[in-house]
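# What the coordinates show
So the chains spell out like this:
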Amino acid sequence: MKRLAASFVLLLLVALPLRAEIDIAEITTPGGLKAWHVEETSIPFVALELRFRGGASLDAPGKRGAINLMTALLEEGAGDLDARGFAEAREALAASYRFSTGDDGLSISAQFLNENRDQAVALLRKALLEPRFDEDAIERVRAQILAGLKRRETDPDTIAGAAFDELAYDDHPYGSYYGGTVESVTSLTRADILDAFTRAIARDRLYIAAVGDISAEELGALLDGLLGDLPKEGAPMPENVAFGATGGITVLPFDTPQSVARFGHAGVEVGTPEFFPAFILNTIMGGGGFNSRLMTEVREKRGLTYGIRTYLIDSEFSESLIGSVSTVNARMAETIDVVRGEWERMAREGVTAEELETAKIYLTGAYPLRFDGNAPIARILVNMQMQGYPTSYVKTRNAMIEAVTLEEINRVAARLYRSDDLRFVIVGAPEELESDE
Amino acid sequence: MRALLVAILALFLALPAQAAEQVTGFTLDNGMEVVVIEDHRAPVVVHMVWYRIGAADEPPGKSGIAHFLEHLMFKGTESRASGEFSRVVEANGGSDNAFTSYDYTAYFQRVAADRLGLMMEMEADRMRNLVLAPEAVDTEREVILEERASRIDNDPSALFREELRATQYRNHPYGIPIIGWRHEMEALSREDALAAYDRFYAPNNAILIVAGDVTPDEVRKLAKQHYGPLAPSDGIAPRDRPQEPPSRGERRLEMSDPRVAQPSLVRTYLAPARRSGAQEEAAALTFLAQLLGGSGATSVLGNALEFENNTAVYTSAGYGATSLDDSTFSFVVVPAEGVSLEQAEAALDAALEDFMETGPDPDRFERIKMQVRASEIYALDDVGNLANRYGRALTSGLTIADVQAWPEVLQAVTPEDVMEAAAKVLDRPSAVTGWLSPDVEEDAQ
């Protein structure tokens, strides 16, 4: 699941783009922080997006879930306010702060009104600089997280994703769920949480975007006040890791009427010449539209599923090409045959000139549509920074899509789609399917 | 604290015109209603057609036909092949989809603003000219059965919600699942779909909503051109569904499923929804849900069950304000480790009883008002969501004026209004209480 969520962000980023009118400024605050800024004055609020690179992948050895628990505790008491006091203060300002963590980053998405901006930022600053991590709050939030972890244990889709990640990434952080396990979270101490804070939250890994009714000068002062006193350095980033699963089938028996499957193999890194061809290929194969090859073959022609999708994933520390599908137990074997067949056809025949042209029109046309609100734009701008793109990417990205030739894309198709390398992890009671190991 | 907030509110009342969305409404000669929501920040438009037919409008025994028809609407017309609709949308850089609920079925596309005419041409075409090949119907029936397996059968919580609704609504069709009962879905035919289509898919049963970088004049011109020539249906009757009788006994439901990881408790009550020109009671219930549920750290249930003692790891209160017929008010409690569902229910009842005696905390009441007001400003950032707001309202018996009055109705709610509504709705004899657990016997011990 986490992988799917991460990939969705990526797809939006790559597919997205920029509406011509958007004017992104790169600013450096008097205190030396760098941020991307769009001034948009029609609605009296600001959307601020902060991302600390690394996120839960910076968990200390044996402390899986510590950064996730720490993140959830940031709004549970800070400075002179306990958890209730903090919530009351936030409600009185009608500000919104969303704290979340994932495999690649720790995110803070904030929205606040112009009329009480200074107070809303001061309150957020408390959460970031003076979190209390009170024992009673730790226990309360730990119990909530444990409840969620237990639910994961009986959710077929989650089980499939977790088993797939473990096969692919083993003991790298990507190989396990960032929220940890019942065991690891149960054993976390307050000292572990304080340590998690120093590992994950620091200026040397911070990306910032702000969109809304605020000038560059005002934003600079706001950011210096909010973030200037953060620690300078955090924990070192994890190593890059290769997708490690081999081809084959893994069946995890589960008593449920419909099997769910996760499948995939290694992918392609952003920034390499193969990336844009691979990105277009994935759109044609199963990138989310109703007219992808897999939707046509698996859903439209055979009625095997409600949905099948593939994701070209470029995470911070690895790349993969994965997909997910669910179908009744009796028809999973047939579904897998269709997926393998489409993989082989793609490698053998590539795409047609017409398919390439249609995908280009779709991708370049969809690009500007995503910049449709202060909050979404702020998220996109932080994602772009994380991927290492310049602000000008929004103007050059469509041209890079347009430049991909049929010859080039089919060369990449032959290398990228390797049906023998596909690992399927199936959770359910699929008929006529067995694990190969 | 309170005085300060009152001062802020006074300031706000002076400036809502500036912050409010720009909305225009009109009606075509054939009865099709049109709503235009302007947002000129990006050259994008959301084009939606909402039909006043939902799962609660289905004939008996045909559950799921409204949703099935939604799927079949992508299967082609006299002039367009199956799947061509979505292909054309994608070829224009857009995205499209559709959704079905109890009171409506809606279709939408997001495209560059200069493609609006093409979207209207295609949507108008499939409003009256659908062609259904028998094989396409058979394959798509497999797809909706897979959808039911994914969304419902594979998820014990979803099965539990289905049971709860069926128990809450004994006479009204809201008790039947939107996607349909499996045995009835298996028997849905091409003729069933066409019967619903012929009767309900017509301009006088539809609402066009266009939101984004457009002007009302442009929309009026294009709508007249594309939708104007469509003939209205003479099969549109008032939506008088069977209503719920009074309840004379509390109903309880226990369900167990080994796939359940965390036991949970749900309580639902029948509750009135917003009525055109009379939204006050629904506004009071909206506040009640915020007071009782809402934030875990500040709500009545969060304080009593999560903060004061460790009875629950999760509590919430929910209320569906926008609904054609009576809606529900509900609570969810997930007990803490070692707490039984019986103990959790006792704690819920005690917290509710206490609230009925003491009433809302005045500071919290004012903070909720502030948040309701702010949410109107934040809502302007998402024009698609605004379009949905109008679509849901207009298919639920409300008008554009009701939608525009709603923020002010909310601001006028008093603590007395809330307690009056609470006393009326939180009536235990009409409640349904459900326990979901991995093993019923274990909980009974």
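Quick caveat: nothing in here was measured; it's all calculated off a predicted structure.

## A few points about the overall build of chain A
For chain A, the helix and strand inventory stands at 16 helices and 13 strands. The C-alpha atoms of chain A give a radius of gyration of 23 Å, which matches the 22 Å a tight globule of 437 residues would have. Along the first, second and third principal axes, the C-alpha atoms of chain A reach 60 × 50 × 35 Å. Sequence separation of at least 24 residues holds for 83% of the intrachain contacts in chain A that already meet a minimum separation of 6. Accessible surface for chain A amounts to roughly 16,000 Å². Of this, 50% is attributable to carbon and sulfur atoms. Considering chain A, the positive charge centre built from 44 side chains and the negative charge centre built from 67 side chains are found 0 Å apart.

## Some details on the environment of Asn 310 of chain B
Residues and elements named next belong to chain B. Within the element layout of this structure, Asn 310 appears in the loop between helix H12 (300–308) and strand S9 (312–319). Each C-alpha atom of the pair Asn 310 and Pro 335 lies 8.5 Å from the other, and the pair is 25 residues apart in sequence. Beyond its immediate stretch of four places on either side in the chain, Asn 310 contacts Leu 305, Ala 336 and Val 339.

## Overview of the packing of aromatic side chains
Scanning the entire structure with this criterion turns up 32 aromatic pairs over all chains. Each residue in the set Phe 290 of chain A together with Tyr 51, Phe 74, Phe 85, Tyr 107, Tyr 197 and Tyr 201 of chain B is aromatic and connected to the rest through ring pairs, giving one cluster. If you follow Arg 126 of chain B out to its NZ or CZ, it ends over the ring of Phe 74 of chain B, 4.7 Å from the centre.

## Quick notes on the interface of chain A and chain B
Accessible area lost upon the coming together of the parts serves often as the stated size of an interface. The partner chain B presents 55 residues to the 66 residues of chain A that form the contact. Seen at the junction of chain A and chain B, the total is nine salt bridges. Where Asp 372 of chain A meets Arg 110 of chain B, a salt bridge forms, and the shortest distance between an N and an O atom there is 2.9 Å. Of all the secondary structure elements, the ones that give two or more residues to the side of chain A that touches chain B are helix H3 (83–93), strand S7 (105–113), helix H5 (135–153), strand S10 (258–266), helix H11 (293–301), strand S12 (319–328), helix H13 (353–366) and helix H14 (374–387) of chain A. If one sorts the elements of the side of chain A that touches chain B by residue count, H3 of chain A sits on top with eight residues.

## Some words on the sheet that holds strand S11 (residues 308–314) of chain A
Taken in spatial order, the five strands of this open sheet run S9-S13-S10-S12-S11 (chain A), and their pairing is mixed. For this open sheet the edge positions go to strand S9 (248–253) and S11 of chain A, each flanked by a neighbour on one side alone. The sheet shows a mean angle of 15° between the axes of neighbouring strands, direction not considered. In this sheet, S12 of chain A lies alongside S11 of chain A in antiparallel orientation, the contact comprising seven bridges. Each residue of the ladder has a partner; that of Arg 309 of chain A, found in S12 of chain A, is Ser 324 of chain A. Contacts from helix H6 (residues 134–153) of chain B reach S10 and S12 of chain A, with the element oriented near 105° to S12 of chain A.

## Topic: the packing of H12 of chain B against helix H13 (residues 341–358) of chain B
Residues and elements named next belong to chain B. Direction vectors running N to C along H12 and H13 enclose 135°, while the axes themselves pass 10 Å from each other. One finds that H12 runs oblique with respect to H13. Taken as a pair, H12 and H13 cross one another with a handedness that is right-handed. Listed contacts from H13 to Val 300, Leu 301, Ala 304 and Leu 305 of H12 are Ala 344, Ala 347, Leu 348, Ala 351, Leu 352 and Phe 355.

## With respect to the nonpolar core
In terms of nonpolar packing, the biggest core is built from 95 residues, with Ile 280, Leu 281, Trp 343 and Leu 381 of chain A together with Ile 37 and Ile 209 of chain B touching the most fellow members. There are two domains that each give this core at least three residues, and those are domain 1 (2–227) and domain 2 (248–428) of chain A. Counting 63 residues, the second-largest nonpolar core is a separate cluster that includes Leu 28, Leu 116, Tyr 197 and Ala 223 of chain B.

## Looking at the pairing of strand S6 (residues 206–212) of chain B
All names here are of chain B. Across the seven residues that make up S6, a large majority, seven, are buried. The alternating pattern of S6 places Ala 206, Leu 208, Val 210 and Gly 212 and Ile 207, Ile 209 and Ala 211 on opposite faces, both of which are buried. With six bridges joining them, strand S2 (residues 33–38) and S6 adopt parallel strand pairing. Directly across from Ile 37, in S6, lies its bridge partner Ala 211. Relative to S6, strand S3 (residues 44–51) is paired through seven bridges, and the arrangement is antiparallel. Opposite Val 46, over in S6, you have Ala 211 as the bridge partner.

## Observations concerning H5 of chain A
Taking 1.5 Å of rise per residue, the 19 residues of H5 of chain A would be expected to cover 27 Å, and the 27 Å separating its terminal C-alpha atoms lies within 8% of that figure. For H5 of chain A, the set of buried residues is Ala 137, Ile 138, Arg 140, Val 141, Arg 142, Ile 145, Leu 146, Ala 147 and Leu 149 of chain A. Next to the buried residues of H5 of chain A lie helix H2 (66–73), H3, helix H7 (182–186) and helix H8 (190–200) of chain A together with H12 and S9 of chain B.

## Quick notes on the domain arrangement of chain A
Residues and elements named next belong to chain A. Looking at chain A, the domain boundaries give domain 1 (2–227) and domain 2 (248–428). The gap between the C-alpha centroids of domain 1 and domain 2 is 28 Å. Of the roughly 4,900 Å² buried between domain 1 and domain 2, counting both surfaces, carbon and sulfur atoms make up 72%. In this assembly, domain 1 and domain 2 are joined by two salt bridges. Put simply, Glu 316 and Arg 53 hold a salt bridge, and the shortest N to O gap is 2.2 Å. Put simply, domain 1 and domain 2 have seven residue pairs in polar contact (both at pLDDT 80 or more) between them. Mapped onto the side of domain 1 that touches domain 2, the elements with two or more residues apiece are helix H1 (2–15), strand S2 (34–39), strand S3 (45–53), helix H6 (156–169) and strand S8 (206–212). Looking at the side of domain 1 that touches domain 2 element by element, the count peaks at eleven residues for H1. Split into classes, the residues belonging to the side of domain 1 that touches domain 2 amount to 30 nonpolar, seven polar and eleven charged.

## Some thoughts on the pattern of salt bridges
On inspection of all chains with the given rule, the structure shows 61 salt bridges over all chains. Between Asp 80 of chain A and Lys 126 of chain A there is a salt bridge, with its nearest N and O atoms 2.7 Å apart. Highlighted residues: Asp 80 of chain A in the loop between strand S4 (77–78) and strand S5 (81–82) and Lys 126 of chain A in helix H4 (residues 117–129), separated in sequence by 46 residues. Judged by relative accessible area, which is 61%, Asp 80 of chain A ranks as exposed. In this structure Lys 126 of chain A comes out as partly exposed when scored by relative accessible area, which is 22%. Close ionic contact of Asp 39 of chain B with Arg 41 of chain B constitutes a salt bridge, the shortest N to O distance being 3.2 Å. Of the two residues, Asp 39 of chain B and Arg 41 of chain B, both sit in the buried class. Ionic contacts of the salt-bridge type, sharing partners, join the residues Glu 250, Arg 252, Arg 267, Glu 345, Asp 349 and Arg 428 of chain B into one network.

## Some words on the packing of helix H11 (residues 280–292) of chain B against helix H16 (residues 400–411) of chain B
Residue and element names in this part refer to chain B. Two elements in contact, H11 and H16, have axes separated by 9 Å at closest approach and are oriented at 60°. The orientation of H11 relative to H16 falls into the category oblique. The crossing of H11 and H16 is right-handed. Contacts from Glu 280, Ala 282, Ala 283, Thr 286 and Phe 287 of H11 reach H16 at Trp 406, Val 409 and Leu 410.

## Some words on the environment of Ile 409 of chain A
Residue and element names in this part refer to chain A. With respect to the helices, strands and loops of the structure, Ile 409 is situated in helix H16 (residues 406–416). Sequence separation of Ile 409 and Gly 350 is 59 residues, and the distance between their C-alpha atoms is 7.6 Å. Here Ile 409 is in contact with Pro 277, Ile 280, Leu 281, Val 351, Leu 356 and Val 404, once residues within four sequence places are set aside.

## Regarding the sheet that holds strand S11 (residues 432–437) of chain B
Residues and elements named next belong to chain B. Strands sit in the order S7-S11-S8-S10-S9 across an open sheet of five strands; the sheet is mixed. Of all strands in the sheet, those with a lone pairing partner are strand S7 (251–256) and S9, marking the two edges. The mean angle between the axes of side-by-side strands here comes to 15°, regardless of whether they run parallel or antiparallel. Where strand S8 (residues 264–271) and strand S10 (residues 327–335) come together, seven bridges link them in antiparallel fashion. Note on S10: the bridge partner recorded for Tyr 269 is Phe 329.

## What to know about the confidence of the model for chain A
Interpretation of the predicted coordinates at a detailed level should be avoided for regions scoring low in pLDDT. In this model, chain A carries a mean pLDDT of 92, and residues with pLDDT of at least 70 account for 95%. Residue range residues 1–20 of chain A is modelled with pLDDT below 50. Its contacts to residues more than four positions away, or to other chains, number 71 contacts.

Cut-offs and rules
Residues numbered from 1 in each chain as written. Chains lettered and ligands numbered in written order. Predicted model: local features only at pLDDT ≥ 70, side-chain atom pairs only at ≥ 80, totals over all residues. Heavy atoms only, no water. Helix = DSSP H or I, 4+ residues; strand = E, 2+ residues; numbered from the N terminus. Rg over C-alpha atoms; globule rule 2.2 N^0.38 Å. Contact = heavy atoms within 4.5 Å. Areas by Shrake-Rupley, 256 points an atom, 1.4 Å probe, with all protein chains shown as cover. Lys, Arg positive; Asp, Glu negative; His and termini not counted. Charge placed at Lys NZ, Arg CZ, Asp CG, Glu CD. Phe/Tyr/Trp six-rings, centres within 6.5 Å; stacked < 30°, edge-to-face > 60°. Lys NZ or Arg CZ within 6 Å of the ring centre and 35° of its normal. Salt bridge = Lys/Arg side-chain N within 4 Å of Asp/Glu carboxyl O. Pairing = 2+ DSSP bridges. Axes fitted to C-alpha atoms, helices over the stretch in contact; angles between N-to-C directions. Parallel < 35°, antiparallel > 145°, perpendicular 65-115°, else oblique. Left-handed = near helix turned anticlockwise from the far one by under 90°. Core = buried A, V, L, I, M, F, W, Y, C linked by side-chain atoms within 4.5 Å. Buried < 20%, exposed > 50% of the residue type's maximum accessible area, 1.4 Å probe, protein only. Domains from an automatic or database assignment. Expected span 1.5 Å × (residues − 1). Buried area = accessible area lost by both parts, 1.4 Å probe. Polar contact = N/O pair within 3.5 Å; in protein donor to acceptor, adjacent residues only side chain to side chain. Nonpolar A, V, L, I, M, F, W, Y, C, P; charged D, E, K, R; others polar. pLDDT = per-residue confidence, 0-100.

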